[in-house]
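Geometric and topological summary
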Amino acid sequence: MIATQAKLVYQLNKYHNERCQARKAAIAKTIREVCKVVSDVLKEVEVQEPRFISSLSEIDARYEGMEVISPNEFEVVLYLNQMGVFNFVDDGSLPGCAVLKLSDGRKRSMSLWVEFITASGYLSARKIRSRFQTLVAQAVDKCSYRDVVKMVADTSEVKLRIRERYVVQITPAFKCTGIWPRSAAQWPMPHIPWPGPNRVAEVKAEGFNLLSKECYSLTGKQSSAESDAWVLQFSEAENRLLMAGCRKKCLSVLKTLRDRHLELPGQPLHNYHMKTLLLYECEKHPRETDWDESCLGDRLNGILLQLISCLQCRRCPHYFLPNLDLFQGKPHSALEAAAKQTWRLAREILTNAKSLDKL
């Protein structure tokens, strides 16, 4: 048994050093190329409208605010200034979303975003995005990369297609630090020892983002209050939780397997599903020794089996917001196909570690 485990860990390390590192290098190269274009577009936007200041910056060879959805799909979060005059209201009525309401006694004119405030005093995510979309469309025509970039039509999101190969969504957002959403108040569960009080305090201080984008739970509903809502996002908090042990290596292997074998019609699985299940696996195995390099094979198998279970039940709860289902709106046939393909993958890795050479 131990020899089998050791063989699997050896093969996974080899897979990580070859396949995962090659994927990482290719994506880093794409990001540099994509960020040149996006920065140029955002520079043009800023000339027209100084309230939309580009927050895309390179720190230690990483781009702050850049999320990789898949090797050809990216999201750039554009942080906006001056959320101060608004109260954050999160009553759980819209899973995964919250609203920003003008604080009592504050005049509209005190806000930098005065024309995007609704009659009821809410800062409308949809109105800000609509204005930003118009500005980006104009900037695309003027920027020095206009021959290789164009807007993606038929969506309320701000999406660029670059060199006919890559899609980048640019999402206006507010960073919220020092507060924690009520809808995530159940985290951490009192009976689960991970991640421990110090790390919890760090994560909560890190805060979350409010994004102006279409919400999972609102697809199909279009009442104005709902389209004024902002989507909660916890990427910095999640990254902080995955820092120690072999967690990052495990995520890297999962993303590579997804990109190579689980990029299926209907797009049932994104890298974010992998990250979510890794966080749940951390709760199931709370001791740091469970995340020693020698346990990489066990943790990977655990996550793949949990993924199959979620796909079969057609439900994958968000880690911080369990009322939000990350499979909402995904075609059942696509989830079924993904479950079968994940099972084939897990069985191959479990029964023959050397199969990783070909995966």
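Small disclaimer: the values here were computed from a predicted structure and weren't measured. (Residues numbered from 1 in each chain as written. Predicted model: local features only at pLDDT ≥ 70, side-chain atom pairs only at ≥ 80, totals over all residues. Heavy atoms only, no water.)

1. Some points on the side chain of Asp 228
- Note on placement: Asp 228 falls in the loop between helix 4 (224-227) and strand 11 (230-233).
- Apart from the residues lying within four places of it in its own chain, the contact partners of Asp 228 are Thr 118, Leu 123, Ser 124, Ala 125 and Arg 126. (Helix = DSSP H or I, 4+ residues; strand = E, 2+ residues; numbered from the N terminus. Contact = heavy atoms within 4.5 Å.)

2. So, the packing of aromatic side chains
- Scanning the model with the defined rule gives 15 aromatic pairs in all.
- Every member of this aromatic cluster is reached through a ring pair, and the members are Phe 88, Trp 180, Trp 187, Phe 208, Phe 234, Tyr 280, Tyr 319 and Phe 320.
- In this structure, Lys 101 is placed above the aromatic ring of Tyr 122, and the distance from its NZ or CZ to the ring centre is 5.0 Å.
- The ring of Trp 291 has Arg 299 sitting right over it, with the charged end atom 5.9 Å from the ring centre. (Phe/Tyr/Trp six-rings, centres within 6.5 Å; stacked < 30°, edge-to-face > 60°. Lys NZ or Arg CZ within 6 Å of the ring centre and 35° of its normal.)

3. Topic: the nonpolar core
- The biggest cluster of nonpolar side chains holds 102 residues, and the ones touching the most others in it are Val 38, Leu 123 and Phe 320.
- If you tally residues by element for this core, the top one is helix 1 (residues 2-48), at 13 residues.
- Not counting residues up to four positions away in its chain, the partners in contact with Leu 123 are Phe 86, Leu 100, Trp 113, Phe 116, Ile 117, Ile 128, Phe 174, Asp 228 and Trp 230.
- If you look at the next biggest cluster of nonpolar residues, it comprises 10 residues, including Leu 94, Leu 211, Ala 229 and Val 231. (Core = buried A, V, L, I, M, F, W, Y, C linked by side-chain atoms within 4.5 Å. Buried < 20%, exposed > 50% of the residue type's maximum accessible area, 1.4 Å probe, protein only.)

4. Notes on the environment of Arg 315
- Inspection of the secondary structure assignment puts Arg 315 in the loop between helix 8 (296-313) and helix 9 (332-351).
- Residue class for Arg 315 comes out partly exposed when judged on its relative accessible area of 37%.
- Taking the C-alpha atoms as reference points, Arg 315 and Leu 123, separated by 192 residues in sequence, lie 32 Å from one another.

5. Observations regarding the UniProt feature "domain: Mab-21-like HhH/H2TH-like" (unreviewed entry) in the chain
- Mapped onto this numbering, the UniProt entry annotates "domain: Mab-21-like HhH/H2TH-like" (unreviewed entry) at residues 246-343.
- Across residues 246-343 one finds 60% helix and 0% strand; the C-alpha atoms that close the span lie 23 Å apart. (UniProt positions renumbered as here; feature names shortened; annotations may be inferred.)

6. Focus on the pattern of salt bridges
- Applying the stated criterion across every chain, the model contains 25 salt bridges.
- Among the ionic pairs, Lys 249 bridges to Glu 293, the shortest N-O distance being 2.8 Å. Here Lys 249 is found in helix 6 (residues 247-261), whereas its partner Glu 293 is found in the loop between helix 7 (271-284) and helix 8, with 44 residues between them in sequence.
- In this structure Glu 293 comes out as partly exposed when scored by relative accessible area, which is 36%. (Salt bridge = Lys/Arg side-chain N within 4 Å of Asp/Glu carboxyl O.)

7. With respect to the environment of Trp 343
- With respect to the element layout, Trp 343 can be found in helix 9.
- For Trp 343 and Leu 304, which are 39 residues apart along the polypeptide, the C-alpha to C-alpha distance reads 7.9 Å.
- Once residues within four sequence positions are removed from consideration, Trp 343 is found in contact with Leu 305 and Ile 308.

8. What about the side chain of Ser 355?
- When you line up the elements, Ser 355 lands in the segment after helix 9.
- On the accessibility criterion, Ser 355 (2% relative accessible area) is buried.
- A distance of 3.2 Å separates a polar side-chain atom of Ser 355 from the backbone oxygen of Glu 348.
- Not counting chain neighbours up to four residues away, the residues in contact with Ser 355 comprise Glu 348 and Ile 349. (Polar contact = N/O pair within 3.5 Å; in protein donor to acceptor, adjacent residues only side chain to side chain.)

9. Observations concerning the packing of helix 6 against helix 7
- Following both chains from N to C, one finds helix 6 and helix 7 inclined at 145°, their axes separated by 9 Å at the closest point. With respect to the hand of their crossing, helix 6 and helix 7 are arranged in right-handed fashion. Facing Arg 247, Cys 250, Leu 251, Leu 254, Lys 255, Arg 258 and Asp 259 of helix 6, the residues of helix 7 in contact are Asn 271, Met 274, Lys 275, Leu 278 and Cys 282.
- The residue makeup of the contact of helix 6 with helix 7, split by class, is 6 nonpolar, 1 polar and 5 charged. (Axes fitted to C-alpha atoms, helices over the stretch in contact; angles between N-to-C directions. Left-handed = near helix turned anticlockwise from the far one by under 90°. Nonpolar A, V, L, I, M, F, W, Y, C, P; charged D, E, K, R; others polar.)

10. Here's the deal with helix 7
- The terminal C-alpha atoms of helix 7 lie 20 Å apart, and with 14 residues this matches the ideal 20 Å at 1.5 Å per residue to within 8%.
- The element helix 7 is extensively covered by neighbouring structure, given that 12 of its 14 residues are classed as buried.
- Within the sequence span of helix 7, burial applies to Asn 271, His 273, Met 274, Lys 275, Thr 276, Leu 277, Leu 278, Leu 279, Tyr 280, Glu 281, Cys 282 and Glu 283. (Expected span 1.5 Å × (residues − 1).)

11. A word on the packing of helix 7 against helix 8
- At a minimum axis distance of 10 Å, the contact between helix 7 and helix 8 shows a crossing angle of 115°. Relative to helix 8, the crossing made by helix 7 is right-handed. From helix 7, Met 274, Leu 277, Leu 278, Glu 281 and Lys 284 reach across to helix 8, where they touch Asp 298, Arg 299, Gly 302, Ile 303, Gln 306, Leu 307 and Cys 310.
- In terms of residue class, the contact of helix 7 with helix 8 is built from 6 nonpolar, 2 polar and 4 charged.

12. A look at helix 2 (residues 125-142)
- Between its first and last C-alpha, helix 2 extends 26 Å over 18 residues, near the 26 Å set by a 1.5 Å rise per residue.
- Of the positions making up helix 2, those classed as buried are Ala 125, Ile 128, Arg 129, Phe 132, Gln 133, Leu 135, Val 136, Ala 139 and Val 140.

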